[in-house]
Each structure stands twice: as structure tokens, then as C-alpha cells.
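Residues per chain, in single letters:
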Amino acid sequence: MNEWRRRSRRYRARTPGRLPAWAIVAICFGAAVLAAVIVGNLLHFWLDEETMNRLTEGTPEPEETQPVPERAVPSVKAYPFVLGDPTGSLTAGEDGQPPAALSVSLNTPDGTLLYTSQAAEHYGIQGDEDVELTESMTELLQTVSYVCGVFYPQAFTGEDGSLYYPTAAEEAVLLREFARSGGAELLLVGLPLDAAHLTDTLDYLDLVKEALGSTTLALAVPFSVAVSERGWELLPLLREHADLLALDLQGSDPAAAGSMLLDANYYLVQHQMRLLLSSDQEAFISIAEATLTDVQILTAPPAPDPGETGGDVTDTGEAPDTGAVG
């Protein structure tokens, strides 16, 4: 009888009505995995991506602000000079020493070339026949070692844009010729920075940069653009395509010189910009010379003769052209 009971107990332990422990654990684990998959799918359906990422990955560490790369362009005080003028005027000061750097006009805001050269003649571009580029630069570099050329691009002046590419290519050749003649920097003034033209402007900068080689490429940025809502994003973008940005204060109210220069200081420091003025801004120049080490002054164009416009000036509601000859 005892032997039968022992066999009976062993038999009952193996009856189908009871599962072994490992099977129960496996079923529970499978149920948990299935529940997790179902809940995960529901969360993806119910929650937005940002919330889902926080739940699954935790709160991400805030991205570190990328510092503005240190510029390699030296700080200079570049004074205006017209190519072809006698270099003796540069040493006519009290100390007899020439400026450390010059801001030299290459063309006018309307595109008139202020010299002649082989490249200009090749493209049939009319310029000042009394000023030959290579000869004038050779003479100038005997007195001043750092020459900043100032150029007003004309590739964007066509109404339908059909002349953009051929004009841009011609201008790149002209600017390459200036760089090879000894120019240390090339400043572009008047490029459109609005959203509609930005892509073409960046392409133009890349084209000129490639043509210049190791010569510094600088870009003038109007103060109104720098302080606009898109300025915080635009300035770093432009910096990727140019070696230097110049904060252009030409045409600003002379009565506000002090306050404007205080406001400009943030951009000069944060974005390592150079201050850009014209030679007719005496109030700005006097303050800038005393407080800044990085200033470029362009030659202001002569004021229009009222007689040429019939004497009376009608207010059109548009801002006057404040472009200056570099």
C-alpha cells in the first residue's frame, strides 16, 4: 500500500492540470513583453515625438553654444585713398609716417571702374585710362604694405537676372587680378542680403573667395540687417562664406553717433566685425578713431549737384542712396 501511494503521488505531480515553475515564469515574461509592446505602440500614437523622446531617453543635455571661430584677419585702421593719386600725400602728416593700411576704391556704386587693366580690356570694361592697376599698386605698395580694395558688385543689377552668371564670372576675374597685384583684402559692399537673393549672394561669395585664393574676403553688412530679427542667424551664416564681416554704418544720423556706436559694439565684439564708415561721417570717425582699433573708412562719393536734377527734389518716400565709394 505504501508503495502504491508513493507512485500515486509521483503520478499526480505529473498530471496535466499543473504547470512546472519554469513554464509559469516564461508565460509571465512573455505577457510582460507583449504588454510593453502594446503600451509602447499606444504611446507612439498618443504622444508627440518630443514627449516620447523624454520618456524613453530622458531629458537631453542642452547643446553647448558653438563659439564664433577666431578670425585670422588683423585689426586695422584703413583710411581712404583713391588709386592713382600721388603717394606723397600719404606722408604729408605731422609725423611723416603713412597710414598702416589703406581703403582703396576699385569702382563706384554704379559700377564705373576706377582703373584700367588687362582683364578689364579683355572684357571690354571701360575704366580710368590714366590709372593702370598693376603700376599704381606697385607704386602704392612701396609706401603702404596693407591695401584693402573696395568693390561694388554689379552682378545683381540686371532686372531679370539673366546677366548674373556672366557678370559674376567677369567680376571674379577682375578681383583675382587685384589680389595678384598685391591687395591684402577685398571688401564687397552692397550685396543683397534679403531672403530672395541670399542663395545667389552666398554663391557669389564662394566664387569670389575661390578666385582670391589666400587674399582676405570681407563683406559689408548694413547695421539695419545686423539688428533685424534674422540677424542672429544670418551673421554666422555669412561668416561661413567670408573671412570678415564689416558692420556698415554709412548714411547714419550724425547726431546719433555716440548711441549708435554703443549699440554697434555688441556686434563688433560678438561677431568680431570691423566698423565701416564713409569719409563724410566726421562725428562717427572722431569717436571711432579714439575708441576702436578696427575701422575702415571708405571714400564718400561727391554729393549730387542739385542743378543736375532740375533743382527741386521731390520726396518719393524712399530712402536716399547712401552708397559710398571705397
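Refer to the preceding data block for the structure.
Residues numbered from 1 in each chain as written. Predicted model: local features only at pLDDT ≥ 70, side-chain atom pairs only at ≥ 80, totals over all residues. Heavy atoms only, no water.

A closer look at the pattern of salt bridges
Think of it this way: side chains of opposite charge can pair up when their charged atoms draw near.
Working step 1: With the rule as written, the count across this model stands at 4 salt bridges.
Working step 2: A salt bridge links E185 to R274, with the nearest nitrogen and oxygen atoms 2.8 Å apart. Here E185 is found in strand β4 (residues 185-188), whereas its partner R274 is found in strand β7 (residues 274-278), with 89 residues between them in sequence.
Working step 3: Of the residues examined, E185 reaches a relative accessible area of 1% and is grouped as buried.
Working step 4: For R274, a relative accessible area of 0% gives the class buried.
Working step 5: The closest approach of N and O atoms between K209 and D243, which form a salt bridge, is 2.4 Å. With K209 in helix α7 (residues 198-212) and D243 in the loop between α9 (231-239) and β6 (244-248), this residue pair connects regions lying 34 residues apart in the sequence. (Salt bridge = Lys/Arg side-chain N within 4 Å of Asp/Glu carboxyl O. Helix = DSSP H or I, 4+ residues; strand = E, 2+ residues; numbered from the N terminus. Buried < 20%, exposed > 50% of the residue type's maximum accessible area, 1.4 Å probe, protein only.)

Focus on a negative patch on the surface
Working step 1: On the surface, E121, D128, E129 and D130 cluster together to form a negatively charged patch.
Working step 2: By secondary structure assignment, the location of E129 is in the loop between α4 (118-122) and α5 (133-140). (Patch = residues over 30% accessible without salt bridge, like charges linked within 9 Å, V, L, I, M, F, W, Y side chains within 5 Å. Areas by Shrake-Rupley, 256 points an atom, 1.4 Å probe, with all protein chains shown as cover. Lys, Arg positive; Asp, Glu negative; His and termini not counted. Charge placed at Lys NZ, Arg CZ, Asp CG, Glu CD.)

Focus: the packing of helix α10 (residues 257-270) against helix α11 (residues 282-291)
Working step 1: Between α10 and α11, whose axes approach to 9 Å, the crossing angle comes to 50 degrees. Viewed along their axes, α10 and α11 adopt a mutual orientation that is oblique. In this structure, α10 crosses over α11, and the sense of that crossing is right-handed. Residues A257, G258, M260 and L261 of α10 form the contact with α11, whose participating residues are A283, F284, I287 and A288.
Working step 2: Residue classes in the contact of α10 with α11 are distributed as 7 nonpolar, 1 polar and no charged. (Axes fitted to C-alpha atoms, helices over the stretch in contact; angles between N-to-C directions. Parallel < 35°, antiparallel > 145°, perpendicular 65-115°, else oblique. Left-handed = near helix turned anticlockwise from the far one by under 90°. Contact = heavy atoms within 4.5 Å. Nonpolar A, V, L, I, M, F, W, Y, C, P; charged D, E, K, R; others polar.)

Quick word on the sheet that holds strand β3 (residues 146-151)
Working step 1: Around the barrel, which closes on itself, the 8 strands sit in the order β1-β2-β3-β4-β5-β6-β7-β8 with parallel pairing between neighbours. Put simply, the sheet's adjacent strands are angled 30 degrees from each other on average, direction ignored.
Working step 2: Contacting β1 (77-82), β7 and β8 (295-298), α11 runs over the sheet at an angle of about 150 degrees to β7. (Pairing = 2+ DSSP bridges.)

Examining the nonpolar core
Working step 1: Within the largest apolar cluster, 63 residues are counted, with the highest numbers of intra-cluster contacts made by L188, Y204 and L219.
Working step 2: Leaving out residues up to four positions away in the same chain, L219 has contacts with L187, L188, L191, L193, L205, L238, A242, L244, L245 and A246. (Core = buried A, V, L, I, M, F, W, Y, C linked by side-chain atoms within 4.5 Å.)

Here's the deal with α9
Working step 1: Looking at α9, one finds that the buried residues are G231, L234, L235, L238 and R239. Down the axis of α9, the smallest arc covering the buried residues is 135 degrees, so these residues share one side. Along α9, the residues that are exposed and aim more than 90 degrees away from the buried face are W232 and E233.
Working step 2: Turning to α9, the residues buried within the fold contact α7, β5 (216-222), α8 (223-226), β6 and α10. (Arc of directions from axis to C-beta.)

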